[in-house]
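# Residue-level structural notes
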Amino acid sequence: MTGKTATCLGGRDLRALFNAARFLVGATAPTQLPPDVGYEVAFAGRSNAGKSSALNRLCDRRGLARISKQPGRTQQINLFALDAPATRRLVDLPGYGFAKVPHQQRRRWEQLVGHYLMDRSSLRGLVLVMDIRHPLRERDWMLLDWVQGRALPVHCLLTKADKLKRGARQRAVQEVREAVASHAATTQVFSATEGTGVQVLREQVAGWLDWP
Ligand SMILES: Nc1nc2c(ncn2[C@@H]2O[C@H](COP(=O)(O)OP(=O)(O)OP(=O)(O)O)[C@@H](O)[C@H]2O)c(=O)[nH]1
Ligand SMILES: [Mg+2]
């Protein structure tokens with residue numbers, strides 16, 4: 001692929017489209033979500049996997065989604081609008097699988113995120129963010145199974161690739177690709193710190209958002 005086709009969608013610069021992102025709302029209950037029209041792409045994954053960092057890198061905006069050293073801090077669904085009047089949106093979902101989270105909080109997560117993933121009509125695709133060193137844990141599979149039920153396309157983002165050497169990265173991506181073939185999910189390598197794979201991610205997400 002040439003540099004030109006890699007950065008353009010219908011003649012427009014993909015980076016610029018994502019760079020226009022602005023915080024829309026943080027929802028702690030389904031009733032606080034914006035109207036279920038238009039197009040959404042959500043980022044899901046374990047706490048601390050790197051969801052917010054991936055979103056910031058996608059938009060090339062450092063402070064857009066909050067990054068935390070403490071896993072499990074984000075307990076709300078954060079939505080970002082890419083255009084006006086918020087027809088296309090990115091969604092940062094609260095993470096799962098952090099052991100220190102109390103039972104009640106875990107149930108709240110299941111209700112909030114489960115409801116969102118099952119019922120949201122404007123949700124067009126899911127980016128499943130996983131640390132490339134620890135992919136496809138039990139709750140990642142649970143999520144894959146949930147969304148398969150509603151035939152939602154999934155893109156596995158193997159992030160923190162900067163932590164692995166080239167050979168190990170390739171082995172990891174190959175293993176995940178084979179494992180998720182049954183769920184018709186796509187897979188790529190990514191690093192928020194180095195910017196690896198950002199253009200591939202932009203094209204994947206832009207396709208789901210159906211930019212004219
Ligand atoms: N080395 C490296 N560290 C990363 C990368 N992406 C994220 N991190 C670090 O991983 C930690 C968690 O990143 P976040 O983006 O906050 O993770 P999250 O999935 O949004 O976490 P929750 O909101 O708690 O669910 C932070 O310390 C980040 O700096 C990456 O690509 N490489
Ligand atoms: Mg986060």
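As the structure is a computational prediction, the values presented were derived from the model and not from experiment.

### Some details on the nonpolar core
If you look at the biggest cluster of nonpolar residues, it comprises 34 residues, and the most contacted ones within it are Ile-77, Leu-93, Tyr-116, Leu-117, Leu-126, Leu-128 and Leu-143. Elements with a contribution of two residues or more to this core: β4 (39-45), β5 (77-81), α4 (103-119), β7 (123-131), α5 (138-148), β8 (154-159) and α6 (166-180). Looking at this core, the element that brings in the most residues is α4, giving five residues. Contact partners of Leu-117, with chain neighbours within four places excluded, come to Leu-93, Leu-123, Leu-126, Leu-143, Trp-146, Val-147 and Arg-150. Grouped together as the second largest cluster of nonpolar side chains are 29 residues, Val-41, Leu-58, Val-127 and Val-129 included.

### Looking at unusual backbone geometry
The omega torsion of the bond from Ala-84 to Pro-85 falls at 5 degrees, within 30 degrees of zero and hence cis. Along the chain, Pro-85 falls in the loop between β5 and β6 (88-92). Phi at Ala-86 is positive, roughly 55 degrees, even though this residue is not glycine. By the secondary structure assignment, Ala-86 is in the loop between β5 and β6.

### Quick word on the environment of Gln-170
The topology assignment puts Gln-170 in helix α6. Put simply, Gln-170 and Tyr-39 are 131 residues apart on the chain and 32 Å apart in space, counted from C-alpha to C-alpha.

### Things to note about the side chain of Asn-78
The topology assignment puts Asn-78 in strand β5. Polar side-chain contacts of Asn-78 include one of 2.8 Å to the side chain of Gln-76. Setting aside residues no more than four positions away along its own chain, Asn-78 makes contact with Phe-23, Val-25, Gly-26, Leu-90, Val-91 and Asp-92.

Rules and cut-offs
- Residue numbers restart at each chain and count upward from 1, following the sequence in its written direction.
- Chain letters start at A and ligand numbers start at 1, both assigned in the order the entries are written.
- Since the coordinates come from a predicted model, pLDDT governs what is reported: local features require at least 70, and pairs of side-chain atoms require 80 or more to be given and counted, while whole-chain, interface and lining totals use all residues.
- To obtain the side-chain values, all non-hydrogen atoms of the structure were used and water was disregarded.
- Throughout this description, the term nonpolar core refers to a set of buried Ala, Val, Leu, Ile, Met, Phe, Trp, Tyr and Cys residues connected via side-chain atoms within 4.5 Å.
- A simple rule labels every residue: compare its accessible area, found with a 1.4 Å probe on the protein chains alone, to the largest value its type can have, and call it buried under 20%, exposed over 50%, or partly exposed in between.
- Strands here mean DSSP runs of E at least two residues long; helices mean DSSP runs of H or I at least four residues long; both are numbered from the N terminus.
- In this description, contact between two residues means that some pair of their heavy atoms is separated by no more than 4.5 Å.
- By the criterion applied in these results, polar contacts are pairs of N or O atoms within 3.5 Å in which, for protein atoms, one can donate a hydrogen and the other can accept it, and in which residues neighboring in sequence qualify only through two side-chain atoms.

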